[in-house]
Amino acid sequence: MPDKLSLVHSLGYCGQALQFCGGSSVLYGSGSVLKRLTSEGGEASSVHELGGLGVGQVAVSPQCSHAAVAERGCGSAPDGSVRAGLSLFALGENGAMELLGKFDDAGAVDIDCMSFSPDGELLVTVSSLPDFKINVWEWGHDMRT
């Protein structure tokens, strides 16, 4: 059917799979751009330019209400080293994305993996070399443990 989106398999810019956002919508990163596509015409319904070295991992909450996006090397530490950041977006039903906030210093350089808790209230991230930092973000309260 032309009005249904059927995704079997896709590897994007850096070998990262598309993320299903509910309905007929997917989210993916390409370079330093985050795009949300819907099946209506196949056009990008929302596009956000992110800083640093580009989009890293992308995770969507189980309720498809929020998305977390790792930004490679988006900031720098006092010693001049590059740091990874994390952006949180609200996903609207009409294909829109709203940036809710940014979390700095999620790890050194990049985030290797991340996942929301089943209720969507917590997000866990694991950074890459050299620190393998594990963070649990209570993003609704702007807290990290």
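These numbers were taken from a predicted model, which means no experiment stands behind them.

Participant: Sorry, what's going on with the overall build of the protein here?
Facilitator: Assigned secondary structure in the protein consists of 0 helices and 12 strands. Walking the protein from its N terminus toward its C terminus, one meets helices and strands in the order β-β-β-β-β-β-β-β-β-β-β-β. Counting all 145 residues of the protein, 41% fall into the buried class. Put simply, of all contacts in the protein between residues at least 6 apart along the chain, 35% involve residues at least 24 apart. Carbon and sulfur atoms provide 55% of the accessible area of the protein, an area that totals close to 7,700 Å².

Participant: For this particular structure, what's the right way to read a nonpolar patch on the surface?
Facilitator: The grouping of Leu122, Val124, Ile134 and Val136 at the surface amounts to a nonpolar patch, some 290 Å² of accessible area in total. Overall, Leu122 belongs to the partly exposed group, its relative accessible area being 34%.

Reading guide: rules and limits
Residues numbered from 1 in each chain as written. Predicted model: local features only at pLDDT ≥ 70, side-chain atom pairs only at ≥ 80, totals over all residues. Heavy atoms only, no water. Helix = DSSP H or I, 4+ residues; strand = E, 2+ residues; numbered from the N terminus. Buried < 20%, exposed > 50% of the residue type's maximum accessible area, 1.4 Å probe, protein only. Contact = heavy atoms within 4.5 Å. Areas by Shrake-Rupley, 256 points an atom, 1.4 Å probe, with all protein chains shown as cover. Patch = residues over 30% accessible without salt bridge, like charges linked within 9 Å, V, L, I, M, F, W, Y side chains within 5 Å. Salt bridge = Lys/Arg side-chain N within 4 Å of Asp/Glu carboxyl O.

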